[in-house]
Amino acid sequence: MNMKEWILTLITFLGVTSLSAQNYSYTFKVNGLAAGQDVYLANYFGDKLYYYDTTKSELGVAKFERSSIKGGVYAVVLPGPKTFEVILSENEPKVVLQTDTINFVKSMKVLKSDENKLFYSYFSYLSEKQALAGPLRNKKDQASKDQLFAIDKEVKAHQKQLAQENGNNLFGAIIAMSLEPEIPELLKGDTSKQMERYHYYKNHYFDEYHLDDPRIVKTPIFAKKLKYFFEKVCIQHPDSILDQAYKLIDQLPKKTDLFKYVVHTLTYKYETSKIMGMDAVFVGIALKYYCRGSNGQTQAFWLEDQYLENIKKAQLALSAAQKELNKIKESKNSEELEPLEKEVEEKQKKLSEVEKNNKIKEICERATTLNRLKLYGPAPDLILQDTSEKNWVDIRKLPNEYKILVFWDPGCGHCKKEIPKLKKLYDEINVKKLDIEIIGVNTELENTPWKKYIRENNLNWINISDNPEVNSNAAKYIVNERKTTLNSLNFRDIYDIFSTPQIFLLDKENNIVAKKIGVVNLVEILERKLSIDFNYEPPKA
């Protein structure tokens, strides 16, 4: 994140300084800092900085006083903006640093703070080693390579020593996250043991992390290492990722910012993933950590707390309005009665809206829907009428090797671009006499424009839809005549159709082979599955 981006986050106020009982004092003496300047204290949460506190500088001095602090790496933000980092923790109520605006790190003197002495001593050490290593990096001779190897080995040994000697403080936790898992000698060298080395590295990636210390989430290194692990270390398959996600999350202390960050980050990452099938990771995490168990509890405490707090505020506002209304009724003041009745009505509506705005419920409903649409899992049943509105088509009974489900409507602009592409593919499928069928599903209840579009564009595949008559007499067709199912008539929710077109590829057993793909992607998948070449080119617009 560049300085322009993070400075915008300063509008989010995450801490309120108490005016009394100030137990923590942080003094930063900065040569070149003018008096009367706004100086900010920003805290890391993951890899982003958020506004935490502010003060007005005196000549060359910025001082913050607080009654409490959450340990982590903070940034002192001076006009410019210019920043330098500092470790603040519950164990050090007083910190005094001295530096210069010309070069914060080189000029830094830690006057009071054992952790920051270690922190900046480590920075100096790395700078020295980088100065030695820099000129050697582009050299090809063996002597230079040997020197680079020796420097790297020395740095790693130093890091390991620092981590061991400072296991009880935040600095030690930060250094521990810089360490790579050490591969046992038995697994080194032999190419036949490459997979064993990989599994050892993956399974021991977090061994040195202080996962019992929630403060590590307030350091920028944790977020980067977490991202690297799930994107580069884990095999990019939903089952593998879920296995590692569960293993990590279940080690974290519950009801902490660290737990919240990891669960939320992975949930969002895989819910919004563009890689087909990765939504299964979102489903697994949501069902385990967000959705309520048999005890009615959720582990997503931050959403639960916010939800209950919102309800409490709305209830108090309604209660206050009702009390005021009762007073007016007792006083028989008719002029004030009507506006207060409207106010109570508005507060009741607000409470109802707040109660409905349940993020945990929304996430769980979303996860339940996507769980029905897992890649390689069975497609939900779908039995609807064809264009005659007399014959019922059950997709499970279609015998084709592959079935292409396309949910669309004739008024959709994007559908008008994709349906002609699909029609061209279907014509080529018929020319090649492939055992593939397309089932077009109308997502609009009004069928007249749909039938017209089918006729005009010769969509000679299977076309099915529901309609107002069927939906208004659902019990007749589901229970009495057993023509269809509740899931079939609720297909828009069951198949997660919130935009069109949506294309699914099913195999002969009605398992989902691909989902929510474009026609070009569909062609590529079929070519791989059938070992053929369509020589497909989309029709010109």
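Structure's up top.
Notes on the structure in this doc start here. Values in this document were obtained by computation on a predicted structure and should not be read as measured data.

### A short note on the packing of helix H10 (residues 279-290) against helix H13 (residues 359-371)
Next up, step 1: Contact pair H10 / H13: the axes reach a minimum separation of 9 Å and the direction vectors enclose 135°. Overall, the two elements H10 and H13 adopt an arrangement that is oblique. Seen from above, H10 lies across H13 with left-handed handedness. Contacts between H10 and H13 pair Asp279, Phe282, Val283, Ala286, Leu287 and Tyr290 from the former with Ile360, Ile363, Cys364, Arg366, Ala367, Thr368, Leu370 and Asn371 from the latter.
Next up, step 2: Along the lines of polarity and charge, the residues of the contact of H10 with H13 split into ten nonpolar, two polar and two charged.

### Topic: the pairing of strand S2 (residues 38-45)
Next up, step 1: Counting buried positions along S2 gives six out of eight residues, so the element sits mostly inside the fold.
Next up, step 2: In this sheet, strand S3 (residues 48-56) lies alongside S2 in antiparallel orientation, the contact comprising eight bridges. By the bridge assignment for S3, Ala42 is matched with Tyr51.
Next up, step 3: The turn joining S2 and S3, which pair antiparallel and follow one another in sequence, is formed by two residues; a positive phi near 70° is taken by Gly46.
Next up, step 4: Relative to strand S5 (residues 72-78), S2 is paired through four bridges, and the arrangement is antiparallel. Considered in S5, the bridge of Ala42 is made with Ala75.

### Considering the side chain of Ser465
Next up, step 1: Position of Ser465 among the secondary structure elements: in strand S13 (residues 462-465).
Next up, step 2: Since its relative accessible area comes to 3%, Ser465 is described here as buried.
Next up, step 3: A polar contact of 3.0 Å, which involves the side chain of Ser465, links it to the side chain of Asn447.
Next up, step 4: When near neighbours in sequence (up to four residues on either side) are disregarded, Ser465 contacts Leu384, Gln385, Asn442, Glu444, Asn447 and Trp450.

### Description of the state of the cysteines
Next up, step 1: All chains considered together, the criterion is met by one disulfide.
Next up, step 2: Put simply, Cys291 and Cys364 are joined by a disulfide, and their sulfur atoms are 2.2 Å apart. Across the S-S bond of Cys291 and Cys364 the torsion is about -130°, and the bridge reads as left-handed. Of this pair, Cys291 sits in the loop between H10 and helix H11 (301-331) while Cys364 is found in helix H13, placing the two residues 73 residues apart along the sequence. Assigned by exposure class, Cys291 and Cys364 land together as buried.

### Focus on the pairing of strand S4 (residues 61-66)
Next up, step 1: Of the two faces of S4, only one is covered, namely that formed by Ala62, Phe64 and Arg66; the face formed by Val61, Lys63 and Glu65 stays uncovered.
Next up, step 2: With six bridges connecting them, strand S1 (residues 24-31) and S4 associate as antiparallel partners. Considered in S4, the bridge of Lys29 is made with Val61.

### So, the layout of surface pockets
Next up, step 1: Empty space within the largest pocket amounts to approximately 1200 Å³.
Next up, step 2: Lys156, Gln159, Ser178, Leu179 and Glu180 are, among the 45 residues lining the largest pocket, the residues nearest its centre.
Next up, step 3: Looking at the lining of the largest pocket, the elements with two or more residues in it are helix H3 (114-133), helix H4 (142-165), helix H5 (170-176), helix H6 (194-203) and helix H7 (220-233).
Next up, step 4: Residue contributions to the lining of the largest pocket peak at twelve residues, all from H4.
Next up, step 5: Taken together, the residues that form the lining of the largest pocket break down as 25 nonpolar, seven polar and 13 charged.
Next up, step 6: Here the second largest pocket defines a volume of roughly 650 Å³.
Next up, step 7: What lines the second largest pocket is a set of 23 residues, and nearest its centre among them are Tyr261, His264, Thr265, Leu266 and Tyr268.
Next up, step 8: Here the element with the most residues in the lining of the second largest pocket is helix H9 (residues 257-271); it accounts for nine residues.
Next up, step 9: Its residues assigned to classes, the lining of the second largest pocket comprises twelve nonpolar, three polar and eight charged.

Cut-offs applied
- Residues numbered from 1 in each chain as written.
- Predicted model: local features only at pLDDT ≥ 70, side-chain atom pairs only at ≥ 80, totals over all residues.
- Heavy atoms only, no water.
- Axes fitted to C-alpha atoms, helices over the stretch in contact; angles between N-to-C directions.
- Helix = DSSP H or I, 4+ residues; strand = E, 2+ residues; numbered from the N terminus.
- Parallel < 35°, antiparallel > 145°, perpendicular 65-115°, else oblique.
- Left-handed = near helix turned anticlockwise from the far one by under 90°.
- Contact = heavy atoms within 4.5 Å.
- Nonpolar A, V, L, I, M, F, W, Y, C, P; charged D, E, K, R; others polar.
- Buried < 20%, exposed > 50% of the residue type's maximum accessible area, 1.4 Å probe, protein only.
- Pairing = 2+ DSSP bridges.
- Polar contact = N/O pair within 3.5 Å; in protein donor to acceptor, adjacent residues only side chain to side chain.
- Disulfide = S-S within 2.5 Å.
- 1 Å grid on protein atoms, 1.4 Å probe; cavity = no way out; pocket = protein on both sides within 12 Å on 5 of 7 lines; lining within 4 Å.
- Points joined across faces, edges and corners; volume = space filled by probe spheres on them.

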